[in-house]
Amino acid sequence: MSLFPSEESQRLDAADPLASYRLRFSIPKMPDGTDTLYLCGNSLGLQSKDGIDALHAVVKDWAELGIEGYFTGDNPWVDYGTELRESEARLVGAKPLEVAVMNSLTVNLNLLLLSFYRPTPERHKIIIEDHTFPSDQYAFREQIRFHGFDPETSLVVLKPRPGEDWHRTEDILETIAKEGAETALVMMGGVNYYTGQFFDIATITKAGHDEGCTVGWDLAHAAGNLPLQLHDWNVDFAAWCHYKYLNSGPAAPGGAFVHERFAHATDLPRLAGWWGHNRSTRFQWVDEFEPEPGAVGWQMTNTPVLSTAPLKGSLTMFDELGMPAIRQKSVKLTGYLWELLSRIESGFDIMTPSDPSQRGAQLSLRVHGDNGRVVFDYIKERGVICDWRNPNCIRISPAPLYNSFDDVRRFAEIFDEALRRVG
Ligand SMILES: *Cc1c(COP(=O)(O)O)cnc(C)c1O
């Protein structure tokens, strides 16, 4: 008998209230025309039909209206990004004033760091987690140098305990307590991109604040993956991208959160441009910059409407369902993946926390021995699209909007076969 009977997965699919959402996405094909087994929504989410409809609407308005498209048509471009703030706010648990759709993730990170990382000789450190995404590392290191400090002494990297893959909250709190007095900023990934660990944002944010630190979050792997409550968790600022769990296409504009308490903080240093300027006088061509209250005050440049359109379409699905329902399926889907993988006796282990409340959709699999890459190539040959990270990590992320329980079952079957044959 198969280790992975399809009766089980088919029963789960039949009972899945979100099953029909798959039809609203384009699933990439294999050369023979069959669907790939796409488990890479943590790197690039799939194209949604709603997103493409929204894109076509912009293309049509551009053709038919030219510059008038900024002010007329169904979705005037002048407010295209700001109109998405209600949906964005629901997505991350914020007030519309606190969020903006703008620029891209690393750009937003740098813009927000200019305002929120203000080191002094007494307080210059940034606390980050191990395996921080490289782009963020580069930003932190250069921001530290930009202010005349040295990453060697100003960057504190949290490490898991020896032999462990992820961070215990108590260890993070201990480091914050120890380094806090010299720390200007605590800035972690809400979900770590490598291990898939979801951090206790509320507790860590509070611990940072108790030490007088500013606390920011990179939510690239958390937005659209888990319900967030940025306002209530008292997060100072955050940035994320929309092309992973939010399915908005390569290099889609990013998202930013700035807590309401800074909505009118005109004293914060920042870079400026016309789209961050007060909406009511933006087109009166005054010389002095007066920031629009809230996160939009950091926007600077006008909304790239063409690349924002797929986000607008995609957000309609998130609005229809709400994050709790999406998360509910996600917990089941990833839990099912975990359960199936635990039927495989050897050849790998899982780096992601087993506790569902400490992870999102992703599981990171560490292949034992030297053949990880061969295992990855083997499953790829068989239509699995997922992600490889040196030296031995395969990241799998079933996306609740378009992945089925049977996708997960087929993955487990192929992965098991790969480990037996080439692992
Ligand atoms: C995906 C990702 C990025 C990518 O940044 P871009 O500016 O969108 O290219 C940066 N940081 C993290 C943590 C990511 O997961």
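None of the values given here were measured: they were computed from a predicted structure. (Residues numbered from 1 in each chain as written. Predicted model: local features only at pLDDT ≥ 70, side-chain atom pairs only at ≥ 80, totals over all residues. Heavy atoms only, no water.)

This part covers the site of the ligand. Neighbouring the ligand are the residues Leu-105, Thr-106, Phe-133, Asp-136, Asp-218, Ala-220, His-221, Tyr-243 and Lys-244. Look at the ligand: alone it shows 390 Å² of surface, and the protein chains cover 81% of it. Among the residues making up the shell around the ligand, the classes are represented as 4 nonpolar, 2 polar and 3 charged. (Near = heavy atom within 4 Å. Areas by Shrake-Rupley, 256 points an atom, 1.4 Å probe, with all protein chains shown as cover. Nonpolar A, V, L, I, M, F, W, Y, C, P; charged D, E, K, R; others polar.)

If you check helix α2 (residues 49-65), its first and last C-alpha atoms are 24 Å apart, about what 17 residues at 1.5 Å a residue would give, namely 24 Å. Considering only its buried residues, α2 is in contact with α9 (305-321). Backbone geometry just after α2 places Gly-66 at a positive phi near 55°. (Helix = DSSP H or I, 4+ residues; strand = E, 2+ residues; numbered from the N terminus. Expected span 1.5 Å × (residues − 1). Contact = heavy atoms within 4.5 Å.)

Our next topic: the domain arrangement of the protein. Each assigned domain of the protein is listed with its residue range as follows: domain 1 (6-35 + 322-422) and domain 2 (56-319). For domain 1 versus domain 2, the distance between C-alpha centres works out to 29 Å. Each side of the interface is counted separately: domain 1 has 29 residues, and domain 2 has 20 residues. Of the roughly 2,100 Å² buried where domain 1 meets domain 2, counting both sides, 56% is carbon and sulfur surface. Ranking the residues of domain 1 by area buried against domain 2 places Met-323, Met-351 and Gln-358 at the top, with a combined share of 27%. Scanning the region where domain 1 abuts domain 2 turns up 1 salt bridge. For the salt bridge of Arg-366 with Asp-165, the shortest nitrogen-to-oxygen distance reads 2.6 Å. (Domains from an automatic or database assignment. Buried area = accessible area lost by both parts, 1.4 Å probe. Salt bridge = Lys/Arg side-chain N within 4 Å of Asp/Glu carboxyl O.)

Moving on: the pairing of strand β3 (residues 125-129). Each regular strand shows side chains that alternate between the opposite faces of the sheet. Counting buried positions over the 5 residues of β3 gives 5, a clear majority of the element. With burial as the criterion, each face of β3 is covered, one bearing Lys-125, Ile-127 and Glu-129 and the other bearing Ile-126 and Ile-128. Alignment of β3 against strand β5 (residues 183-189), held across 3 bridges, turns out to be parallel. Each bridged residue has a counterpart across the sheet, and for Lys-125 the counterpart in β5 is Thr-183. Where β3 lies against strand β4 (residues 155-158), 4 bridges are found, and the strand directions are parallel. Note that in β4 the partner of Glu-129 across the bridge is Leu-158. (Buried < 20%, exposed > 50% of the residue type's maximum accessible area, 1.4 Å probe, protein only. Pairing = 2+ DSSP bridges.)

This paragraph deals with the sheet that holds strand β9 (residues 348-350). As summarised here, the arrangement of the 4 strands in space is β9-β10-β13-β12, forming an open sheet in which the pairing is antiparallel. Unpaired on one side and paired on the other, β9 and β12 (387-389) mark the two borders of the sheet. This sheet shows a mean twist of 30° between the axes of neighbouring strands, independent of strand direction. Across 4 bridges, strand β10 (residues 363-367) lies against strand β13 (residues 393-396) in antiparallel orientation. Bridge pairing in β13 places Leu-363 opposite Ile-396. Along the sheet face, helix α10 (residues 323-341) touches β9, β10 and β13 and points at about 20° away from the line of β10. Across the sheet, helix α12 (residues 405-421) is in contact with β9, β10 and β13; its angle to β10 comes to roughly 15°. (Axes fitted to C-alpha atoms, helices over the stretch in contact; angles between N-to-C directions.)

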